[in-house]
Amino acid sequence: MADVSSSDLHGQDGNASGPARVLVDLDAIAANVSALCRRVGDTAVLAVVKADAYGHGLVPSARAALGGGATWLGTAQIGEALALRAAGVDAPLLAWLYAPGAPFRQAVEADIDLGVSAPWALVEIAEAAAHAGRPARIHLKIDTGLARNGAFGAGVDELIEAAARTQDGGRVRVVGIMSHFARADEPGEPSIRGQQDRFEAVYEQAQRAGLGIQIRHLANSAAVLTNPSASYDLVRPGLAIYGLSPVPQLGTPEDFGLRPAMRVAVDVALVKDIPGGQGVSYGHTYTTVGATRVVLLPIGYADGVPRGASNCAPVSLDGRHLRISGRVCMDQLVVDVGDLPVRPGDEAILFGDAGRGEPTAQEWADATGTISYEIVTRMSSRLPRSYAGAAAWSL
Ligand SMILES: *Cc1c(COP(=O)(O)O)cnc(C)c1O
């Protein structure tokens, strides 16, 4: 394992100048992807790097995932995929979420595959392909029961018919078919098998219509970790590549052979001794019991720390797990450290790797009533990202 002590990380990208930072271990991302590749055997892995790689940083995370054995990258928005191309990433890319007027021509010219849920998109993409002078590569996106994106019910028949016609016209090549689970994090729940049955039936229908689809993909992280029957030709893990568990009720990252890649660290700005009975931070929602020491951490909700973490989320200082005291403010928060000998400049960890004795993103999620996905993704761009691990040196 790479040494990711913060002294290695500080300033490595020349950008870690603020009092707080997101430290990303790219070796962890590469190792997590390798672990997922081993798990799915011959099935290819598409690493999902949408939303700035779940807050970990788009391009470095994408490169680390490719280094770990992913052969595809996936984003929600076309702009995210274009950013990867602009950075020189030449791996197969898939983007699946857009609205009318999206930059389809740029996508086709940049060789970005597109998920397609409706005939209107096929029309715009075919027109873009005509302008680009090359066929667009598309994946039919089927709603097999999530009732979110994807063609549903009679819309599936319309989409298949339109895709067959457009493919015959030479403007698109239908290379894939995809769907997304509603409840993959509840292994054995009947809708899971139901969605797979529907997915397989629609695939057969599309093949009968002459589409010649080669790539079937359905599995997210939870399915990769709990449901080998959903692997098909390609899997699309997101959260697991960042070393977090999509099924915390079933196992920790460590249980699945994963290591969290993100740590959030902040330097202590101020230390002071205050008396018992003193209210702390806005609204005085925390009151000291006896005389104690409090530290000020210059990180707040403007940095992505949920205000809901007030008085509940953990912070570690000097290896000790403490709790936020009082309200999280826009730029700062306070922690009652008792008699700990903390000094200005000491580094506090909000969350990181339990294997290093740090609080976890999952604990933050539990404390604030959300999921670890949201905790890592919401860390704001005000926090500079610093990269460590062998993969960082080749950025
Ligand atoms: C976000 C997303 C994924 C990855 O989901 P995880 O639960 O993070 O593994 C896969 N497929 C689609 C369509 C997605 O939107």
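Residues numbered from 1 in each chain as written. Predicted model: local features only at pLDDT ≥ 70, side-chain atom pairs only at ≥ 80, totals over all residues. Heavy atoms only, no water.

1. Considering helix H8 (residues 154-168)
A rise of 1.5 Å per residue sets the reference length of H8, with its 15 residues, at 21 Å; its end C-alpha atoms lie 22 Å apart and thus fit the reference within 8%. The secondary structure elements touched by the buried residues of H8 are strand E5 (112-116), helix H7 (119-132), strand E6 (136-141), strand E7 (172-178) and helix H9 (190-208). Phi turns positive one or two residues past the end of H8, at Gly170, with a value near 85°. (Helix = DSSP H or I, 4+ residues; strand = E, 2+ residues; numbered from the N terminus. Expected span 1.5 Å × (residues − 1). Contact = heavy atoms within 4.5 Å.)

2. Describing unusual backbone geometry
With the exception of glycine, most residues fall at negative phi, and the peptide bonds are largely trans. Even without glycine at this site, Ala51 takes up a positive phi of about 55°. Along the chain, Ala51 turns up in helix H3 (residues 50-54). Given a relative accessible area of 33%, Ala51 falls into the partly exposed group. A positive phi is found at Ser281, a non-glycine position, where the angle reads about 65°. (Buried < 20%, exposed > 50% of the residue type's maximum accessible area, 1.4 Å probe, protein only.)

3. A closer look at the sheet that holds strand E19 (residues 385-388)
Pairing is mixed in the open sheet, where six strands are placed in the order E16-E15-E18-E10-E1-E19. This sheet does not close on itself; its edge strands, each paired only once, are strand E16 (320-323) and E19. Taking each pair of neighbouring strands and ignoring which way they run, the sheet shows an average axis angle of 35°. (Pairing = 2+ DSSP bridges. Axes fitted to C-alpha atoms, helices over the stretch in contact; angles between N-to-C directions.)

4. As for the packing of H7 against H8
As a packed pair, H7 and H8 sit with axes 9 Å apart at the nearest point and diverge in direction by 15°. On the basis of their axis angle, the class for H7 and H8 is roughly parallel. In this structure, the crossing between H7 and H8 has a hand that is right-handed. Taken together, the residues of H8 that come into contact with H7 (itself represented by Pro119, Leu122 and Ala126) are Glu158, Leu159, Ala162, Ala163 and Thr166. In terms of residue class, the contact of H7 with H8 is made up of six nonpolar, one polar and one charged. (Parallel < 35°, antiparallel > 145°, perpendicular 65-115°, else oblique. Left-handed = near helix turned anticlockwise from the far one by under 90°. Nonpolar A, V, L, I, M, F, W, Y, C, P; charged D, E, K, R; others polar.)

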